[in-house]
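A closer look at the structure
Here is how the chains run, residue by residue.
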Amino acid sequence: MGRATPQEVVLPLGVQVLADLPLAIDPDEVLRFQGYKKGVDAPTPDVRALFDDALAEGTRLMLPRAVVRWLPVEARGPDTLEAGGEVLTIPLAGERWGEVEYVAAAVVTIGDALERRVAALWESRELPLASMLDSVGSGAVESLAEYLNDVLCQQGLAAGLAVTNRISPGYADWDVAEQHTLFRLCPGSPVGVTLNAACFMTPGKSISLLVGAGARARVDHYFSQCARCWMRDCAYRRTPARRTVHR
Ligand code: SF4
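Worth saying up front: this structure is predicted, and the values here are computed from it rather than measured.

With respect to the overall build of the protein
Along the backbone of the protein there are six helices and eleven strands. Over its C-alpha trace the protein gives a radius of gyration of 19 Å, about what one expects of a compact globule, namely 18 Å for 247 residues. C-alpha atoms of the protein, sized along the principal axes, occupy 55 × 40 × 30 Å. Residues counted as buried form 37% of the 247 residues belonging to the protein. A fraction of 73% describes how many contacts in the protein between residues 6 or more apart in sequence connect residues 24 or more apart.

Below, the structure is given as structure tokens:
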């Protein structure tokens, strides 16, 4: 892969708001939220029909958006990254990500219309559809976070930087309390996402995330990002996609 020289680095530093993002909802992911195990539990035709109804309704209700902020890394430690005047404490960040020179903090959301509809369905005791629609929303926001990871990878590649897989507070040993630090770096307000004292985001179908980037950043060492990436025409693809890239 050709590397850009420092003068050519074109990372879009500053706050970016991305709207009209494409959504590809994986039925297996939605069914996983329903408690189905892939390759083990086969949904009945009734469940499939319920999924189709929920998907159609959910697709109408979702407003996928993201806010992103790239920042230069000011200092790195074995378990810390400093950027934007904040210290992020991420266990094993140094070993897992290597020499990251930039981080991107981001918040993705599908908006609140879907969860308001779910609440109304619960109220009217339409429980199966309420539950399936909620799972469609969960699958959609996961898909959105993956897509944003791929967009960030493309932005990093344009600047000659490898981009890591995303991580989120509350997962993989990263303390959920760090949500506040992440929100100070990249507030969710431009896309209507707020954070309360208990670290819950509103709307609930939102994900906050962080990626690292660097010419010598460690990527692909615990799974290949390209294998699940949606960027069909990426010239830098390191491994084939596991299945059809259908965005
Ligand atoms: S195919 Fe690989 S290199 Fe290209 S954007 Fe996707 S993850 Fe990045």
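What about the site of the ligand?
Around the ligand lies a shell formed by Asp150, Cys153, Gln154, Gln225, Cys226, Cys229, Met231, Cys234, Tyr236, Arg237 and Arg238. For the shell around the ligand, the residue count by class is six nonpolar, two polar and three charged.

A closer look at the packing of helix α4 (residues 113-123) against helix α5 (residues 127-158)
For the pair α4 and α5, interaxial distance at closest approach is 8 Å and the crossing angle is 165°. Here α4 lies roughly antiparallel to α5, going by the angle between them. Helix-helix and strand crossings are classified by hand; for α4 and α5 the assignment is left-handed. Here α4 contributes Leu114, Glu115, Arg117, Val118, Leu121 and Trp122 to the contact with α5, which in turn contributes Leu127, Leu129, Ala130, Leu133, Asp134 and Gly137. Partitioned by chemical class, the residues of the contact of α4 with α5 number eight nonpolar, one polar and three charged.

Some words on the nonpolar core
In terms of nonpolar packing, the biggest core is built from 60 residues, with Tyr102, Val103, Ala104, Ala106, Val108 and Leu148 touching the most fellow members. Looking at this core, the element that brings in the most residues is α5, giving twelve residues. Discounting residues that sit within four places of it in the chain, Ala106 has contacts with Ala66, Val67, Val68, Leu148, Cys186 and Leu209.

Regarding α4
Residues that lie three or four places apart on an α-helix share one face, since the helix turns once every 3.6 residues. Buried within α4 we find Leu114, Val118 and Leu121. Buried residues of α4, viewed axially, fall in a sector of 60°; they line one side. What points out from α4, more than 90 degrees from its buried face, is the exposed set Arg116, Ala120 and Glu123. On the buried face of α4, the contacting elements are α2 (45-61) and α5.

Describing the environment of Asp28
Assignment of secondary structure puts Asp28 in helix α1 (residues 27-33). Considering only alpha carbons, one finds Asp28 and Gly139, 111 residues apart in sequence, at a separation of 8.9 Å.

Observations regarding unusual backbone geometry
A cis amide bond links Thr202 to the next residue, Pro203, at an omega of -5°. A positive phi angle is found at Ala172, which is not glycine, with a value near 50°. You can see Ala172 is positioned in the loop between β7 (162-163) and α6 (179-185). For Ala172, a count of 11 C-beta atoms within 10 Å translates into the label exposed.

A word on the pairing of strand β2 (residues 65-76)
Where strand β1 (residues 14-19) meets β2, six bridges bridge the pair, whose relative direction is antiparallel. What sits directly across from Gly14, in β2, is Trp70. When β2 meets strand β6 (residues 102-109), the two strands line up antiparallel, connected through eight bridges. Bridging from a neighbouring strand, Arg65 pairs with Thr109 of β6. Bridge count for β2 against strand β3 (residues 80-83) is three bridges, and the pairing is antiparallel. By the bridge assignment for β3, Arg76 is matched with Leu81. Counted between consecutive antiparallel strands, the loop separating β2 from β3 contains three residues.

The rules behind the values
Residues numbered from 1 in each chain as written. Predicted model: local features only at pLDDT ≥ 70, side-chain atom pairs only at ≥ 80, totals over all residues. Helix = DSSP H or I, 4+ residues; strand = E, 2+ residues; numbered from the N terminus. Rg over C-alpha atoms; globule rule 2.2 N^0.38 Å. Buried ≥ 20, exposed ≤ 12 C-beta atoms within 10 Å, placed from the backbone. Contact = placed C-beta atoms within 7 Å. Near = placed C-beta within 6 Å. Nonpolar A, V, L, I, M, F, W, Y, C, P; charged D, E, K, R; others polar. Axes fitted to C-alpha atoms, helices over the stretch in contact; angles between N-to-C directions. Parallel < 35°, antiparallel > 145°, perpendicular 65-115°, else oblique. Left-handed = near helix turned anticlockwise from the far one by under 90°. Core = buried A, V, L, I, M, F, W, Y, C linked by C-beta atoms within 7 Å. Arc of directions from axis to C-beta. Pairing = 2+ DSSP bridges.

Fair warning: the whole summary comes from geometry, so function is off the table for now.
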